[in-house]
Amino acid sequence: MITLQQDADGFIRMNRRYPASVRITINFNDGSTGEFSGQALNNAYDTALAEFRAKNDLDARGYSRTPAGRSNSGNKIDFVPVHPGMGE
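Worth saying up front: this structure is predicted, and the values here are computed from it rather than measured. (Residues numbered from 1 in each chain as written. Predicted model: local features only at pLDDT ≥ 70, side-chain atom pairs only at ≥ 80, totals over all residues. Heavy atoms only, no water.)

Peer 1: Could you give me a rundown of the environment of Asp30, with the residues and numbers involved?
Peer 2: Within the secondary structure layout, Asp30 lies in the loop between strand 3 (23–27) and strand 4 (33–37). Among the polar contacts made by the side chain of Asp30, one reaches the side chain of Ser32 at a distance of 2.6 Å. (Helix = DSSP H or I, 4+ residues; strand = E, 2+ residues; numbered from the N terminus. Polar contact = N/O pair within 3.5 Å; in protein donor to acceptor, adjacent residues only side chain to side chain.)

Peer 1: Now, about the nonpolar core: what can you tell me, with residues and values included?
Peer 2: Burial of nonpolar side chains together is a common tendency in soluble globular proteins. In terms of nonpolar packing, the biggest core is built from 17 residues, with Leu4, Ile12, Met14, Ile26, Leu41, Val80 and Val82 touching the most fellow members. Those elements that place two or more of their residues in this core are strand 3 and helix 1 (38–55). Considering each element in turn, this core owes the most residues, 5 residues, to helix 1. Among residues more than four places away in sequence, those in contact with Met14 are Leu41, Asn42, Tyr45, Ile77, Asp78 and Val80. (Core = buried A, V, L, I, M, F, W, Y, C linked by side-chain atoms within 4.5 Å. Buried < 20%, exposed > 50% of the residue type's maximum accessible area, 1.4 Å probe, protein only. Contact = heavy atoms within 4.5 Å.)

Peer 1: How would you explain helix 1 if you had to name every residue and give the values?
Peer 2: With 18 residues, helix 1 ought to run about 26 Å at 1.5 Å a step, and its terminal C-alpha atoms sit 26 Å apart, in line with that. Residues of helix 1 that are buried include every one of Gly38, Leu41, Asn42, Ala44, Tyr45, Ala48, Leu49 and Arg53, and no others. After helix 1 finishes, the residue Asp57 shows a positive phi value of roughly 55°. (Expected span 1.5 Å × (residues − 1).)

Peer 1: Would you mind going over the environment of Leu49 in detail, with residue names and values included?
Peer 2: Among the structural elements, Leu49 can be located in helix 1. Classification of Leu49 as buried rests on a relative accessible area of 11%. Considered as a pair, Leu49 and Gly62 are 13 residues apart in the sequence and their alpha carbons are 9.2 Å apart.

Peer 1: A description of the side chain of Asn42 should follow, citing residues and the corresponding values.
Peer 2: Considering the arrangement of structural elements, one finds Asn42 in helix 1. In this structure Asn42 touches Met14, Arg17 and Tyr18, once residues within four positions along its chain are discounted.

Peer 1: I'd like to hear about the sheet that holds strand 4, residue by residue, with values.
Peer 2: Pairing is mixed across the open sheet formed by 3 strands, whose spatial order is 1-3-4. Each having just a single partner strand, strand 1 (2–5) and strand 4 make up the two edges of the open sheet. With strand direction ignored, the average angle separating the axes of adjacent strands in the sheet is 25°. Looking at chain direction, strand 3 and strand 4 are connected through 5 bridges and run antiparallel. Counted as the bridge partner of Arg23 is Ser37 from strand 4. Packing against the sheet, helix 1 makes contact with strand 1, strand 3 and strand 4, and its axis sits at approximately 90° to strand 4. (Pairing = 2+ DSSP bridges. Axes fitted to C-alpha atoms, helices over the stretch in contact; angles between N-to-C directions.)

Below you can see the structure in the form of structure tokens.
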């Protein structure tokens, strides 16, 4: 079992996908805890990644379609927003 801690801004550090069957416990800022499957957190990761790509004008695969004079700082995220009861 993996245990993660929510930071003060409501995020967990998640820079990779977890196996779908693994159980992950998150300690939330309000003192509560929640247990989620790897698949539930992977879904949250995918949603956060899609929002990041949309906000930075990247396509679905993460490539920039802007003129060559502009560069992107990266095509990944490290922090995913979480809240109690999100896997229900």
